[in-house]
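Below, each chain spelled out in residue letters.
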Amino acid sequence: MLNAFQEGVVVVVCVNMIAVLGMSVLTGFTRLFSFGNAGFMSIGAYTAAICSVQLHLPFPLAILCGALMAGVVAWLVGSLTIRLRGDYFLISCLGFGECVRVLFNYTKNITGGANGYSGIPYHTTAAVALFCAVLAFVVAWNFIHSRFGQSLSAIRENEVAAAANGIDVVRAKKMSFVFSAIYAGWAGGLYAHYLRHITPALFNLGKSSELIITTVLGGLGSLTGSVLGTLVVQLLPEIFRGLAEYRMLFYGIAVVVVILVRPSGLFGYREFSLTGIIRFFKKKFGRETSVQ
Amino acid sequence: MQQLVIGISIGSIYALIAPGYALVYSLLDFSNWAHGEVCMLGAYCCFMAVKVAELPFWLSCVLGVGGAVAVSLFNERFAYRRIRSNGSPNMFLMIAAMGLSTTYQNLANVIWGGKFKQMPKLFSVSSINVGGAFIGTTDLLCLALALIVLALLLYIIRKTQFGLHVRAVACAGRTAALLGVKIDRVIARVFMLAGALAGLAGILYGMKYNVYPTMGNVGLKAFVASVIGGLGSVPGAIVGAILLGLIETIASGYISSGLRDLISFSLLILILLVRPSGLMGVDVQDKA
């Protein structure tokens, strides 16, 4: 059906989409920036890999373990750092991500150090990845539109007002952080079972900023925007193979331009939907007829 | 003793970068993530001038610093000022800075390639024996230059009219503007000042180690240093930088060089938890 290359593209897009959806909930809806999500991906990837290689757990269980582990670590880290203000929170996440990478490099007998961890069974086929991405989207959608998700948006708009309306700001922020970490861990676990060989360097600072860049490009506050952002960021370099070297350069410029010209990203707060498109065209059509 | 000197010399490079973060933070309340890349571009300017244009070394150093100043000013003019005048939240400044940093890093990668480039050695790799410790001449040069420049910086901030304006804007921007301080001009000059320091640091770092596209990550360390010292405080940033340099060297000397980054980042998180305002904790009143 698909050749190996196409399958690889689908898997990479889906894996990144899951991580970006988590990021979108954290950054787009709660307005917390984390440079440490690659760290959570790495925790998820290593936990899942060790679970399936050493403990011989079945694949879904291994992924679950990876995601849960990332969530637990995020909960612990979040308990400490979530009260910090914007910049400080960001830098502590960055520090955390780097710590994870250095630590995995250092613990040679468990993680294989800088040489990486290999021998992971291949389980993440395109179908599995696609299923996971759809599931991730549906769960995130429901999370955002639940009462809890609404309180996240309230925090984004005005933290003090949200607190005054009885929202437990610290708890909500922490849950959002844990949510994004679980997604990152989930993505990491899937990625490990696709690559079959993982190194700590895969999940470096560059990966974290790629996740943030994708989220910003897609739109801060739009899940469908994040999906489209991932498609654009991951697929364009596959289409323009020769320009792969310039990939990150373009994205860097794109982020600056988007922030300058249209700070809310491609989609802004809007979600992409069919009725929205119909309404858009009706409006346009309506305006044209009224001019006539 | 040996470790101590090396530590202080690395710290002095951090100390040249860290005040840039502190100054910008004190004025604009955001962390300028592109600062490390300014430092990298300064180093490349100097490298190009000396290797390709074959200019004398002192002139290339001036060009390197000048390049860094230009880049820093460009960031301010092109990106940050527009975002400020849009009235967007501070978060967007940070995202823009991150975008710029990614852009520059990859630009350098595209233009010069990822290879390590060697700066010409100003002195032969010699060392002086002082009381049983061997001190490299490059280390000494770093230290001496950093000392002079930082003393100058503190003098500018403390004693000159420009320094007074900087402190006024940091303390209360709107009030300062009402009293006739041209805020945009002050901010532009601060960016130039920060750029000059970063450029010098980049050249020194390049001489000590190498020049490469991701060398801007030394800026992260400098940022850690300025957080340790207290974000927004220039003396704090300098003290934090020296301290971080010492701790890193001692950690890699006595524990393990692999764990060096782990230690400095755990220190960062620890400081943030125990004393978020940093060692030289500053109130809003006396930033800068």
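First things first, this report covers the structure right here in the doc. Note that the coordinates shown come from a computational prediction; the quantities given were computed from them, not determined experimentally.

1. Considering the overall build of chain A
Link 1 in the chain: Within chain A, the regular secondary structure consists of 13 helices and 2 strands.
Link 2 in the chain: Looking at the 292 residues of chain A, the share that counts as buried comes to 54%.
Link 3 in the chain: The contacts of chain A with a sequence gap of at least 6 include a subset with a gap of at least 24, amounting to 82%.
Link 4 in the chain: When the accessible area of chain A is evaluated, it comes to approximately 13,000 Å², of which 67% is carbon and sulfur surface.

2. Quick notes on the packing of helix H3 (residues 57–86) of chain B against helix H4 (residues 90–112) of chain B
All names here are of chain B.
Link 1 in the chain: Remark: H3 packs on H4, axes separated minimally by 10 Å, with the N-to-C direction vectors making an angle of 145°. For the pair H3 and H4, the crossing hand works out as right-handed. Facing H3, whose interface residues are Val 71, Phe 74, Asn 75, Ala 79, Tyr 80 and Ile 83, H4 presents Phe 92, Leu 93, Ala 96, Ala 97, Leu 100 and Tyr 104.

3. Re the side chain of Ser 52 of chain A
Residue and element names in this part refer to chain A.
Link 1 in the chain: Residue placement: Ser 52 occurs in helix H2 (residues 37–53).
Link 2 in the chain: Ser 52 sits in the buried class, given a relative accessible area of 9%.
Link 3 in the chain: Ignoring any residue separated from it by four or fewer positions in sequence, one finds Ser 52 in contact with Leu 57, Ala 62, Ile 120, Pro 121 and His 193.

4. So, the interface of chain A and chain B
Link 1 in the chain: Taken together, the 37 residues of chain A in the interface contact 40 residues of chain B.
Link 2 in the chain: Surface buried jointly by chain A and chain B totals about 3,400 Å² across both partners, of which 81% is contributed by carbon and sulfur atoms.
Link 3 in the chain: The largest per-residue losses of area from chain A upon contact with chain B belong to Asp 87, Tyr 88 and Leu 260 of chain A, which jointly make up 19% of the total buried on that side.
Link 4 in the chain: Across the contact surface, chain A and chain B share 0 salt bridges.
Link 5 in the chain: Here chain A and chain B share 2 residue pairs in polar contact (both at pLDDT 80 or more) between them.
Link 6 in the chain: Of all the secondary structure elements, the ones that give two or more residues to the side of chain A that touches chain B are helix H3 (59–81), helix H4 (86–106), helix H10 (205–218) and helix H12 (247–261) of chain A.
Link 7 in the chain: For the side of chain A that touches chain B, a count of residues per class yields 27 nonpolar, 5 polar and 5 charged.

5. Here we look at unusual backbone geometry
Link 1 in the chain: In this structure, His 56 of chain A is a non-glycine residue whose phi angle is positive, near 55°.
Link 2 in the chain: Residue placement: His 56 of chain A occurs in the loop between H2 and H3.

Cut-off values and rules
- Residues numbered from 1 in each chain as written.
- Chains lettered and ligands numbered in written order.
- Predicted model: local features only at pLDDT ≥ 70, side-chain atom pairs only at ≥ 80, totals over all residues.
- Heavy atoms only, no water.
- Helix = DSSP H or I, 4+ residues; strand = E, 2+ residues; numbered from the N terminus.
- Buried < 20%, exposed > 50% of the residue type's maximum accessible area, 1.4 Å probe, protein only.
- Contact = heavy atoms within 4.5 Å.
- Areas by Shrake-Rupley, 256 points an atom, 1.4 Å probe, with all protein chains shown as cover.
- Axes fitted to C-alpha atoms, helices over the stretch in contact; angles between N-to-C directions.
- Left-handed = near helix turned anticlockwise from the far one by under 90°.
- Buried area = accessible area lost by both parts, 1.4 Å probe.
- Salt bridge = Lys/Arg side-chain N within 4 Å of Asp/Glu carboxyl O.
- Polar contact = N/O pair within 3.5 Å; in protein donor to acceptor, adjacent residues only side chain to side chain.
- Nonpolar A, V, L, I, M, F, W, Y, C, P; charged D, E, K, R; others polar.

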